[in-house]
Amino acid sequence: VQLQAFGGGLVQAGGSLRLSCVASGRTFSTYVMGWFRQAPGKEREFVARISRGGGSTYYADSVKGRFTISRDNVKNTVYLQMNSLKPEDTAVYYCAAQLQVQPTYDYWGQGTAVTVSS
């Protein structure tokens, strides 16, 4: 599967952005989807995960209550709605896909940059 993420940009603290990740190739609904981010000078970290049907989600503590992951299996797209953004949310955000929940992901998108100004 090929993944393409977009929707990043520059936003002020307290603002919102919605990231999208479009998948092509093998049936999208067979994949568990995740979002990760990597801030400058830091390691990539997990942000959120959503089950194949969208009924189960899981978030990093740092974004819980502010970010929402969702998916549309008809449009082959996974979303990350980011509200109440903070400067520490500044990072390149990546979407990823895995056939089953495991420590590693099978496919990665190219990343989209989010900058939150204070």
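Scroll up for the structure.
Nothing here was measured: the structure is a model prediction, and the numbers come from that model.

A.B. asks: Please clarify how the nonpolar core should be interpreted in this entry.
C.D. replies: Core analysis: the biggest nonpolar cluster contains 31 residues, and Trp35, Leu80, Met82 and Tyr93 have the highest contact counts within it. Looking at this core, the elements with two or more residues in it are β1 (2-6), β3 (17-24), β4 (32-38), β5 (45-50), β7 (67-72), β8 (77-82), β9 (91-98) and β11 (112-117). Once residues lying within four places of it in the same chain are set aside, the contact partners of Tyr93 are Leu19, Trp35, Phe36, Arg37, Val47, Phe67, Leu80, Met82, Gly111, Thr112 and Val114.

A.B. asks: Would you explain the state of the cysteines in this entry?
C.D. replies: Covalent bonding between the sulfur atoms of two cysteines is what defines a disulfide. The final tally for this structure, using the stated rule, is one disulfide. The disulfide partner of Cys21 is Cys95, and the S-S distance across this bridge is 2.0 Å. Handedness here is read from the sign of the S-S torsion; for Cys21 and Cys95, about 60 degrees, the answer is right-handed. Of the two residues, Cys21 is situated in strand β3 and Cys95 in strand β9; the sequence distance between them amounts to 74 residues.

A.B. asks: What am I meant to see in the packing of aromatic side chains here?
C.D. replies: Each pair of aromatic rings is reported with the distance of its centres and the angle of its planes. Under the criterion given, the structure shown has six aromatic pairs. Connected via pairs of aromatic rings, a cluster forms that spans Phe36, Phe46, Tyr58, Tyr105 and Trp108. The ring of Phe28 has Arg71 sitting right over it, with the charged end atom 4.4 Å from the ring centre.

A.B. asks: Looking at this structure, how should I read the pattern of salt bridges?
C.D. replies: Think of it this way: side chains of opposite charge can pair up when their charged atoms draw near. Enumeration over the complete set of coordinates arrives at four salt bridges. Between Asp89 and Arg37 there is a salt bridge, and its shortest N-O distance comes to 2.9 Å. Taken together, the residues span a long stretch of sequence, with Asp89 in the loop between β8 and β9 and Arg37 in strand β4 at a distance of 52 residues. Judged by relative accessible area, Arg37 falls into the buried class, the value being 5%. In this structure, Lys64 and Asp61 form a salt bridge, with 3.1 Å as the shortest nitrogen-oxygen distance. Judged by its relative accessible area of 49%, Lys64 falls in the partly exposed class. For Asp61, a relative accessible area of 66% corresponds to the exposed category.

A.B. asks: Even after reading the chapter, I still don't get the pairing of β8, so can you show me in this structure?
C.D. replies: Both faces of the sheet carry side chains from a regular strand, because those side chains alternate between them. Counting buried positions along β8 gives five out of six residues, so the element sits mostly inside the fold. Of the strand pairs in this sheet, β3 and β8 are connected by six bridges, and their pairing is antiparallel. Bridging from a neighbouring strand, Val22 pairs with Thr77 of β8. Pairing analysis gives six bridges linking β7 to β8, with the strands arranged antiparallel. If you follow Asp72 over to β8, its bridge partner there is Thr77.

Rules and cut-offs
Residues numbered from 1 in each chain as written. Predicted model: local features only at pLDDT ≥ 70, side-chain atom pairs only at ≥ 80, totals over all residues. Heavy atoms only, no water. Core = buried A, V, L, I, M, F, W, Y, C linked by side-chain atoms within 4.5 Å. Buried < 20%, exposed > 50% of the residue type's maximum accessible area, 1.4 Å probe, protein only. Helix = DSSP H or I, 4+ residues; strand = E, 2+ residues; numbered from the N terminus. Contact = heavy atoms within 4.5 Å. Disulfide = S-S within 2.5 Å. Phe/Tyr/Trp six-rings, centres within 6.5 Å; stacked < 30°, edge-to-face > 60°. Lys NZ or Arg CZ within 6 Å of the ring centre and 35° of its normal. Salt bridge = Lys/Arg side-chain N within 4 Å of Asp/Glu carboxyl O. Pairing = 2+ DSSP bridges.

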